[in-house]
Amino acid sequence: MVNWKEYEKKNDIEADEIIAKASEIAAAVVLAVCLLNYLDILFNVNKYLTFICCFITVIFLCVPCVLINKLKHKTTTLRYGIVICILLAVTVLYSFFTYHAVIAFVLPMVIASFYADIVLYIFTVVLTYVSIIISNIASIWLAVDSGETRLTFESVVYKGILPLALFYTVVAIIEYMSIKRSNEYVNQIYYNSVNLEASHDEMRRSQEELVYAIANISEYSSSQTGSHIKRVSECAKIFGKYICEDELECEYFSVASMLHDVGKLMIPNYLIEKTTRLTDEEYEIVKQHTDEGRKLLLNTPGRIMEMARNIAFYHHERWDGTGYHHIKGDDIEYYSRYVAVLDVFDALLSPRSYKKGWSYQDVYNEIISQSGRQFAPEAVEVFKKCYPELLKVYGIDMSMENDV
């Protein structure tokens with residue numbers, strides 16, 4: 001499942017990092033310009049005013065870097081502060097350098113577009129117009145190029161403000177359309193993802209309903225088998241907390257484990273309910289329930305059914321390779337190794353038509369003794385951890401008994 005909040009947070013952090021780097025580069029360029037002018041290599045304008053301009057600009061450009069890289073303060077409000085700082089830097093640059101710094105007004109718009117936030121972008125565009133007006137008026141007194149004559153307000157309006165405003169209106173509209181298109185594309189992806197997740201949820205519910213229906217059939221077919229599969233499912237839910245990657249996988253495991261004996265539906269009921277020892281021929285027939293279980297679930301799609309299909313086939317395999325199909329060790333499917341323990345745990349603890357139930361201490365000792373033989377060692381280790389919780393499924397509270 002896509003976590004869109006985490007996705008958006010990650011994108012915002014990446015945008016912050018890009019903007020911090022852009023601010024650092026811009027500050028370096030300003031310092032380089034100041035140095036080149038001081039050495040008379042590139043420019044030959046008022047050095048005193050150039051130094052003041054560059055010093056103030058670098059201060060404003062360094063503020064976003066400090067906020068992003070040092071304080072790690074990731075909030076929506078911070079974005080507006082960053083844009084304001086960059087706009088102040090651009091205003092200072094244009095006030096001193098006039099048309100030499102005209103391209104600088106693109107910077108705040110580009111910065112705002114990284115966040116793909118329409119409101120922030122409109123805020124930036126409006127402030128950019130304000131910055132254009134203020135910087136053009138200030139340039140009458142602050143321009144470092146003494147050869148440029150802009151002595152009247154009228155000439156500033158017609159030669160500076162209006163051309164710049166017209167140019168950046170075109171740029172702003174193009175950038176706005178780009179952001180809007182990108183957002184529509186992301187929204188479409190989000191919409192498709194939500195629908196896909198809804199489809200997955202619907203499929204998962206359908207699988208669960210199918211499992212419960214089959215479980216009910218088993219219960220009606222055999223009271224022993226019906227109660228057994230429900231208890232194994234409850235125990236699997238406890239095991240799941242230790243062996244599954246997340247809660248959803250744990251839920252899948254609990255539901256899928258209910259079908260571990262589904263193949264017994266294909267075995268004659270008189271053999272399942274038989275109160276005396278099975279003959280060798282009858283035992284071979286009963287053993288077929290693992291193959292029958294896999295066949296029943298063979299063409300059923302979905303993660304739950306895939307898990308159930310494996311469990312149905314593998315849960316009678318032994319770690320030492322002496323199980324039904326002589327599959328051993330790590331070749332036994334992962335979840336089936338754990339169901340094998342739970343299946344035997346319930347079978348020994350519960351009374352059946354052909355035997356009495358064992359004491360829970362004898363069952364515990366038996367399972368521990370079979371570590372590395374009948375059961376996977378890691379499955380037995382999980383059993384040890386879960387043992388008190390497992391007993392509660394059977395109404396046994398070890399803490400109460402210890403108190404007594």
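Further up the page is the structure itself.
This section reports on the structure supplied with the text.

In this section: the overall build of the chain. In terms of regular secondary structure, the chain is built from 16 helices and 0 strands. The burial tally for the chain puts 44% of its 404 residues in the buried class. Sequence-distant contacts in the chain: of pairs separated by 6 or more residues, those separated by 24 or more amount to 67%. In the form shown here, the chain has an accessible surface area of approximately 21900 Å², with 60% of it arising from carbon and sulfur atoms.

For the rest of this paragraph, the subject is the side chain of Asp-343. If you trace the backbone, Asp-343 turns up in helix H13 (residues 334-349). Asp-343 sits in the buried class, given a relative accessible area of 7%. A polar atom in the side chain of Asp-343 sits 3.4 Å from the side chain of His-260. Look past the residues within four positions of Asp-343 in its chain and what remains in contact with it is His-228, Val-232, His-260, Asp-261, His-315 and His-316.

Our focus in this paragraph is the environment of Asn-299. On the secondary structure map, Asn-299 appears in the loop between helix H11 (289-296) and helix H12 (303-314). Accessibility expressed as a relative area gives 74% for Asn-299, which makes it exposed. Taking the C-alpha atoms as reference, Asn-299 lies 9.6 Å from Arg-309; in sequence the two are 10 residues apart.

Let's shift gears to the pattern of salt bridges. The full count for this structure, using the stated rule, is 10 salt bridges. Between Lys-287 and Glu-284 there is a salt bridge, and its shortest N-O distance comes to 3.5 Å. Here Glu-284 and Lys-287 lie together in helix H10 (residues 280-287), a separation of 3 residues that amounts to about one turn. Relative accessible area serves as the criterion here: at 43%, Glu-284 is assigned to the partly exposed category. A salt bridge links Arg-337 to Glu-378; the nearest nitrogen and oxygen atoms lie 3.0 Å apart. Of this pair, Arg-337 sits in helix H13 while Glu-378 sits in helix H15 (residues 377-393), and the two are 41 residues apart along the sequence. According to the relative accessible area criterion, Arg-337 is buried, its value standing at 12%. Here Glu-378 falls in the partly exposed class, since its relative accessible area comes to 30%.

With respect to the secondary-structure elements, Leu-391 resides in helix H15. Overall, Leu-391 belongs to the buried group, its relative accessible area being 0%. Once the C-alpha coordinates of Leu-391 and Leu-349 are considered, the two residues, 42 residues apart in sequence, prove to be 9.8 Å apart.

Next up on the list: the side chain of Thr-124. Looking at the element boundaries, Thr-124 is found in helix H5 (residues 118-142). Relative accessible area serves as the criterion here: at 0%, Thr-124 is assigned to the buried category. Aside from chain neighbours lying at most four places away, what touches Thr-124 is Val-83, Leu-87, Pro-108, Met-109 and Ala-112.

A cluster of nonpolar residues, Ile-122, Val-126, Val-130, Ile-134, Ile-173, Tyr-176 and Met-177, forms a patch on the protein surface that exposes about 620 Å² of accessible area. Counting residues per element, the ones that place at least two in the nonpolar patch are H5 and helix H6 (153-221). Among the elements that take part in the nonpolar patch, H5 stands out by supplying 4 residues, more than any other. Classification of Val-126 by relative accessible area gives partly exposed; the value is 46%.

With that settled, the discussion passes to unusual backbone geometry. Backbone geometry places His-326, a non-glycine residue, at a positive phi of 60°. Mapped onto the elements, His-326 comes out in the loop between H12 and H13.

What follows covers empty space enclosed by the protein. A complete count under the given rule lists 1 cavity of 30 Å³ or more for this structure. By volume, the largest cavity amounts to about 50 Å³. Surrounding the largest cavity, Tyr-314, Glu-317, Arg-318, Trp-319, Ile-332, Ser-336, Arg-337, Ala-340, Gln-374, Phe-375 and Ala-376 form its lining. For the lining of the largest cavity, the element with the highest residue contribution is H13, accounting for 3 residues. Here the lining of the largest cavity is composed, by residue class, of 6 nonpolar, 2 polar and 3 charged.

In this section: H13. In this model, H13 (16 residues) spans 24 Å end to end at C-alpha, consistent with the 22 Å of a helix rising 1.5 Å per residue. In terms of residue burial, H13 counts as a mostly covered element, since 14 of its 16 residues are buried. Residue Glu-333 occupies the N-cap position of H13, its side-chain oxygen lying 3.2 Å from the main-chain nitrogen of Tyr-335.

Moving on, we come to the packing of aromatic side chains. Scanning the entire structure with this criterion turns up 13 aromatic pairs. Judged by centre distance (4.5 Å) and plane angle (50°), the rings of Tyr-364 and Tyr-387 are tilted. Linking Tyr-364 in helix H14 (residues 360-369) with Tyr-387 in helix H15, this pair joins segments that are 23 residues apart in sequence. Classification of Tyr-387 by relative accessible area gives buried; the value is 5%. Through successive ring pairs, a cluster of aromatic residues spans Phe-239, Phe-253, Tyr-334, Tyr-335 and Tyr-338. In this structure, Lys-287 is placed above the aromatic ring of Tyr-324, and the distance from its NZ or CZ to the ring centre is 5.5 Å. When the ring centre of Phe-313 is taken as origin, the NZ or CZ atom of Arg-294, which lies over that ring, is 3.7 Å away.

Criteria and thresholds
Residues numbered from 1 in each chain as written. Predicted model: local features only at pLDDT ≥ 70, side-chain atom pairs only at ≥ 80, totals over all residues. Heavy atoms only, no water. Helix = DSSP H or I, 4+ residues; strand = E, 2+ residues; numbered from the N terminus. Buried < 20%, exposed > 50% of the residue type's maximum accessible area, 1.4 Å probe, protein only. Contact = heavy atoms within 4.5 Å. Areas by Shrake-Rupley, 256 points an atom, 1.4 Å probe, with all protein chains shown as cover. Polar contact = N/O pair within 3.5 Å; in protein donor to acceptor, adjacent residues only side chain to side chain. Salt bridge = Lys/Arg side-chain N within 4 Å of Asp/Glu carboxyl O. Patch = residues over 30% accessible without salt bridge, like charges linked within 9 Å, V, L, I, M, F, W, Y side chains within 5 Å. 1 Å grid on protein atoms, 1.4 Å probe; cavity = no way out; pocket = protein on both sides within 12 Å on 5 of 7 lines; lining within 4 Å. Points joined across faces, edges and corners; volume = space filled by probe spheres on them. Nonpolar A, V, L, I, M, F, W, Y, C, P; charged D, E, K, R; others polar. Expected span 1.5 Å × (residues − 1). Phe/Tyr/Trp six-rings, centres within 6.5 Å; stacked < 30°, edge-to-face > 60°. Lys NZ or Arg CZ within 6 Å of the ring centre and 35° of its normal.

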